[in-house]
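Structure assessment
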Amino acid sequence: MKLAWHEWRAGFRPGDVLVILGGLATCVFFALSFWQGGVARWAEVRAGGKVVARLSLDRPAAVDVDGPLGQTRVQVEPGRARVFSDPGPRQYCVLQGWLTRAGAVAICAPNEVSLRLLGDSSAYDTLNY
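Reference entry: report on the structure contained in this document. Note that the structure is predicted; figures quoted are calculated from it, not measured.

Remarks on the sheet that holds strand E4 (residues 70-77)
- Ordered by their spatial adjacency, 3 strands build an open sheet running E3-E4-E5, and the pairing between neighbours is antiparallel. Only two strands of the sheet have a single neighbouring strand rather than two, namely strand E3 (61-67) and strand E5 (80-85). Mean inter-strand twist for the sheet, computed between neighbouring axes without regard to direction, equals 25 degrees.
- One ladder, built from 5 bridges, connects E4 with E5; its direction is antiparallel. Across the sheet, residue Arg-73 finds its bridge partner in E5, namely Ser-85.

Quick notes on the packing of aromatic side chains
- Summed over all chains, the structure comprises 1 aromatic pair.
- Look at Phe-29 and Phe-30: their rings are 5.3 Å apart centre to centre, the planes differ by 70 degrees, and that puts the pair in the edge-to-face class.
- Directly above the ring of Trp-98 sits Arg-80, whose terminal nitrogen or CZ lies 3.9 Å from the centroid.

So, the sheet that holds strand E7 (residues 113-119)
- Within the open sheet, the 4 strands sit side by side as E2-E1-E7-E6. Their pairing is antiparallel. The two strands at the open ends of the sheet, each matched to only one other strand, are strand E2 (50-56) and strand E6 (105-108). The mean angle between the axes of side-by-side strands here comes to 20 degrees, regardless of whether they run parallel or antiparallel.
- Two elements, E6 and E7, share 4 bridges in a ladder whose sense is antiparallel. Directly across from Cys-108, in E7, lies its bridge partner Val-113.

Observations concerning the pairing of E4
- One ladder, built from 7 bridges, connects E3 with E4; its direction is antiparallel. Of the residues in E4, the one forming a bridge with Asp-66 is Gln-71.
- In this structure, the hairpin formed by E4 and E5 is closed by a connection of 2 residues, where Gly-79 is found at a positive phi of approximately 85 degrees.

Criteria and cut-off values
Residues numbered from 1 in each chain as written. Predicted model: local features only at pLDDT ≥ 70, side-chain atom pairs only at ≥ 80, totals over all residues. Heavy atoms only, no water. Pairing = 2+ DSSP bridges. Helix = DSSP H or I, 4+ residues; strand = E, 2+ residues; numbered from the N terminus. Axes fitted to C-alpha atoms, helices over the stretch in contact; angles between N-to-C directions. Phe/Tyr/Trp six-rings, centres within 6.5 Å; stacked < 30°, edge-to-face > 60°. Lys NZ or Arg CZ within 6 Å of the ring centre and 35° of its normal.

Here is the structure:
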């Protein structure tokens, strides 16, 4: 049996709405507080599981990394880094865009290249869980 909106709403009391809104506000607060990484200081580039470059985010730089499909180009500017180009078919790591927070990762799986930002503290995410 399907209840109409006014029948369903009739079961709520004013205090119930406050409890629901308080719970939602608490969830939003904790999500914003704990799922943010700290300031990124370095960009770590890996190829085939091995670190091939560790670049400071203080100055512009670029590095070309060879993988099984060809060359991946990583670009660094002050405070951010990105995968500029990759020979992979779907370009997911390129579409990731600029990474700015510690713990952020762009993975070019077909070419076995990854970019990760490191800092004093990293973001908490499901990979860390």
